[in-house]
Amino acid sequence: MLKITNLIAALFISAAVASAAPSNPCEGLLPKPSSVVVEKGSYNVPAMPLTIRISGPEADALSALAESYGFKPVARGKADVTVSYGTSATAEGYTLKVTKRAIEIKAEGAPGAFYGLQSLRQMLDAGMPQWNCLTLTDSPRFPYRGLMVDVSRHFRTIPFLKKQIDAMARLKMNNMHLHLTDAAGWRMPVESYPKLNSQAAWRPQVKWSDWVAAGTPYAEEGQPGAYGGYYTKDELRGLVKYAADRHIRIIPEIEMPGHSEEVVAAYPEVSCSGQGGDLCPGKEATFAMLEAVLDEVIDIFPSELIHIGGDEASKGAWHNCPDCKRRMEQQGLADVDELQSYLIKRIEQYVNSKGRRIIGWDEIIDGGIAPDATIMSWRGTEGGNRAMTEGHDVIMTPVGYCYIDYCQDAPFREPVSIGGYTPLRLVYSFEPADTALSAEALNHLLGVQANLWAEQITTDSHAEYMYYPRTYAIAEIGWSAAQKDYDDFHRRALMFNHLLDSLGYAVFDLDNEYGERRESLTPVRHLALGAPVTYTTPYHEKYPAQGPSTLTDGLLGGWSYGDKRWQGWLTDVDLTVDLGREQPIHTATASFMHSPGAWVHLPQSVIFEVSSDGVNFTPVGQAWCDVADDYQSITMKPYTAAFNATGRYLRLRAERNPRPGAWLFLDEIIVN
Ligand code: ACM
Ligand code: ZN
């Protein structure tokens, strides 16, 4: 009886399946594939586990992975899925054919076969019972699709890194850049300089802001409360293997000569004066240490590219250090930029002598680029473009698009972050190839990378929240054709986000994105619209927004002070709006931004004054700051004065927060 019932149920289900229209299972693929041709006929998708037969070099490894993905490998005979590939170690393209009876993946090499399998997983994850027959042909636009994990600011465990490697594999990303060293903690195991592990890897405070407030002290390994850690060599070798099995290369980064406070604290002899965060390029001890460390790095990481940092060295101490001065004199170096370049070039020679190549942040262009260096362009794309023109390979990771430590949604809904506003749409809009460059130069564009700097990111779940979904955009920019359709991408990003959510990743809730600051979406009409502004205190050259028209263009700023609607000052603000003719004025409002993670602070107070002749001004109102300096959330505060006056000129004086380096940002002066 039971059997008959089951049979009837089975017939009923298969009739239902047969009557439903087959679907194109590639519609949800992320990154978007090169081409999908739907063909006649349909394929009934069997229940998992699908059998899979894999043939190609080292097929056992791919079979083992396929098994971990829920397929059932078979050595011979019929299978639901056949995968065959050739001997190329680098070819990433593949074809995937769905016929009435089977699925067939073919590739020139193991990477392509692996990516074909990833596409098939996504097709199956969509859960459609019946597929169109089709031919999917796919290959990446760029050979480098990267994700940077900052394990220095907060140590992250190997299982966490493997989990992110799994997500990267699904997204066909192929480089994980590990930021292993920085002031907040040294994570690379080093036998030759043991204090890098016993001291430089630990600090007493967990939270970044607490650590900074305490003066960035270090701790001893094993000391009660010591926070941090470092990897063992075996752990890193295991990670490299885990990643390589998934066609992901781990690129280790050892920072030099800047961002090295932890090194200086443990070994002051490699600095100019025992303080600060720059290594001393004048001392041979510095090179002895760097070479010994790099020996150990090269021993663990097979990556041809070894990242040597190179960013944001202050170079301040070098001016007065006798060793640095001697080095500059002996080498005929004109300035400290050339002194940094001396260090980088010398390190490049060392790394080259070991059969490897250096990659560095785009500051290594300043003072003369090392002959064989690959550039990671972060301060924008200009450095990368210049490097490509000079024949250097480049990875684009400009701060305005690829820095996913910035907020991805309305700051009042976001965890503490460095500030800014880099939503998914903005990341997705990035186009790495500047068409003004020659084809020859663009041949050097290796690809793109997302960077998650982790100062504020204490927990694994916070890190995942920042990575996903924005990493999907980087994966798609790196893999798919340049044409963009955000709505279609967003639809697929939602699907993939739901998938990662179901797999236990703490993704951002893209379904409920709030989006841009609402006030910035509709222009404001007011009396001063189009009125000329005279600046007694000029705005900072880095943040001119739209120049003198900015404050009376009717456009309020968005969540980011970098959106070219916010004008910036490092001084008090004193400016005058000319309304063109004498008239009654009743209110004046100026909104400033508070974003302490980015050193953006509200003015202490704002004074408004009115004048008929532009010479003699009468104060009409004053508004004060009522937000605490260290209030962590990004806030826009309107400073408003209500009054009854008649005049032609409105003067605004804003008193800057006295904190050193505090910025003032203002978007509009609304007069009514
Ligand atoms: C960087 O953001 N300093 C590379
Ligand atoms: Zn020095």
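Sequence order as written defines residue numbering, which begins from 1 separately in each chain. Key to labels: chains lettered from A, ligands numbered from 1, both in the order written. Where totals are concerned, whole chains, interfaces and linings use all residues; where local detail is concerned, this predicted model gives features only for residues with pLDDT of at least 70, and gives and counts side-chain atom pairs only at 80 or more. The basis for every side-chain value is the complete set of heavy atoms in the structure, and neither hydrogens nor water enter the calculation.

Caption draft 1: Local environment of empty space enclosed by the protein. Of the grid points, spaced at 1 Å and generated over the protein atoms alone, those admitting a 1.4 Å probe that cannot get out make up cavities, while open sets with protein on both sides within 12 Å along at least five of seven lines make up pockets; any residue with an atom within 4 Å of a point is treated as lining. Grid points are joined across faces, edges and corners, and a volume is the space filled by probe spheres set on the points. Across all of its chains, the model carries two cavities of 30 Å³ or more by this definition. Here the largest cavity defines a volume of roughly 40 Å³. Forming the boundary of the largest cavity are Val149, Asp150, Arg156, Leu452, Ala454, Ile457, Ala463 and Tyr467. What counts as a helix is a DSSP run of H or I of at least four residues, what counts as a strand is a run of E of at least two, and both are numbered from the N terminus. Among the elements of the structure, strand S8 (144-150) and helix H16 (460-467) are those that each provide at least two residues to the lining of the largest cavity. Here the residues of the lining of the largest cavity sort into six nonpolar, no polar and two charged. Taken as a whole, the second largest cavity spans an internal volume of roughly 30 Å³. Surrounding the second largest cavity, Trp186, Ile254, Glu255, Val263, Leu279, Met289, Leu290 and Val293 form its lining. When residues of the lining of the second largest cavity are traced back to their parent elements, those giving at least two are strand S12 (249-256) and helix H9 (284-300). Here the lining of the second largest cavity gets three residues from one element, more than from any other, and that element is H9. Amino acids outside the nonpolar list (Ala, Val, Leu, Ile, Met, Phe, Trp, Tyr, Cys, Pro) and the charged list (Asp, Glu, Lys, Arg) are all regarded as polar, and Gly is one of them. Residue composition of the lining of the second largest cavity, grouped by class: seven nonpolar, no polar and one charged.

Caption draft 2: Quick peek at the sheet that holds strand S1 (residues 35-44). When DSSP locates at least two bridges between a pair of strands, those strands are taken to pair. Here we have seven strands laid out as an open sheet, ordered S1-S7-S5-S6-S4-S2-S3, and mixed in their pairing. The outermost strands of the open sheet, each flanked by one partner alone, are S1 and strand S3 (72-73). Sheet strands in contact with helix H2 (residues 59-68) are strand S2 (51-55), S3 and strand S4 (81-88), and its direction is about 160° off that of S2. Between two residues, a contact is recorded if the distance between any of their heavy atoms is within 4.5 Å. Fitted lines through C-alpha atoms give the axes, limited to the stretch in contact for helices. The angle between two N-to-C directions lies from 0 to 180 degrees.

Caption draft 3: The arrangement of the layout of surface pockets in detail. Computed from the structure, the second largest pocket encloses a volume of approximately 910 Å³. Taken together, 34 residues form the lining of the second largest pocket, with Ala89, Pro111, Ala244, His247 and Ile248 sitting closest to its centre. Mapped onto the lining of the second largest pocket, the elements with two or more residues apiece are H2, S4, helix H3 (110-125), helix H7 (233-245) and S12. Broken down by class, the residue content of the lining of the second largest pocket amounts to 18 nonpolar, nine polar and seven charged.

Caption draft 4: Representation of the packing of aromatic side chains in the model. Stacked, tilted and edge-to-face pairs are distinguished by plane angle, under 30 degrees for stacked and over 60 for edge-to-face with tilted covering the rest, among Phe, Tyr and Trp rings (Trp via its six-membered ring) whose centres lie within 6.5 Å. Per the stated rule, a full pass over the model turns up 32 aromatic pairs. Taking the centre distance of 5.9 Å and the plane angle of 65° together, the rings of phenylalanine 412 and tryptophan 559 count as edge-to-face. Residue phenylalanine 412 is found in the loop between helix H13 (399-402) and helix H14 (424-428), and its partner tryptophan 559 is found in the loop between strand S18 (533-535) and strand S19 (567-569); the two are separated by 147 residues along the sequence. Every member of this aromatic cluster is reached through a ring pair, and the members are Tyr467, Tyr468, Tyr472, Phe496 and Tyr505. Charge-over-ring contacts are defined here by two conditions on Lys NZ or Arg CZ: a distance within 6 Å of the ring centre and an angle within 35 degrees of the ring normal. The ring of tryptophan 479 carries lysine 172 above its face, with NZ or CZ at 5.6 Å from the centroid. The cationic tip of lysine 637 hangs over the ring face of tyrosine 639; the distance from NZ or CZ to the ring centre is 4.9 Å.

Caption draft 5: Representation of the pattern of salt bridges in the model. Just to be clear on terms, a salt bridge is a Lys or Arg side-chain nitrogen sitting within 4 Å of an Asp or Glu carboxyl oxygen. Tallied over the entire structure, the rule returns 37 salt bridges. Where arginine 153 meets glutamate 455, a salt bridge forms, and the shortest distance between an N and an O atom there is 3.4 Å. Linking arginine 153 in the loop between S8 and helix H4 (158-170) with glutamate 455 in the loop between strand S17 (445-452) and H16, this pair joins segments that are 302 residues apart in sequence. The residue arginine 246 makes a salt bridge to aspartate 166 at a minimum N-O spacing of 3.5 Å. A residue pair is termed long-range when its members are at least 10 positions apart, and arginine 246 in the loop between H7 and S12 and aspartate 166 in helix H4 qualify at 80 residues. Throughout this description, buried means an accessible area under 20% of the type-specific maximum (1.4 Å probe, protein chains only), exposed means over 50%, and partly exposed covers the range between. Residue class for arginine 246 comes out buried when judged on its relative accessible area of 9%. Here the salt bridges do not stand alone but share partners, grouping Lys32, Glu476, Asp488, Arg491 and Arg492 into one network.

Caption draft 6: Main features of the nonpolar core. Side-chain atoms within 4.5 Å link the members of a nonpolar core, which is a set of buried Ala, Val, Leu, Ile, Met, Phe, Trp, Tyr and Cys residues. In this structure, Phe71, Leu120, Leu161, Met188 and Tyr472 are the most contacted members of the largest nonpolar core, which totals 145 residues. Sort the elements by how many residues they give to this core and H9 lands first, with nine residues. Not counting the four nearest positions on each side in its chain, leucine 120 is found in contact with Phe71, Val81, Leu96, Ile103, Ile105 and Trp131. Within the second largest apolar cluster, 32 residues are counted, among which are Val610, Ala641, Phe643 and Leu666.

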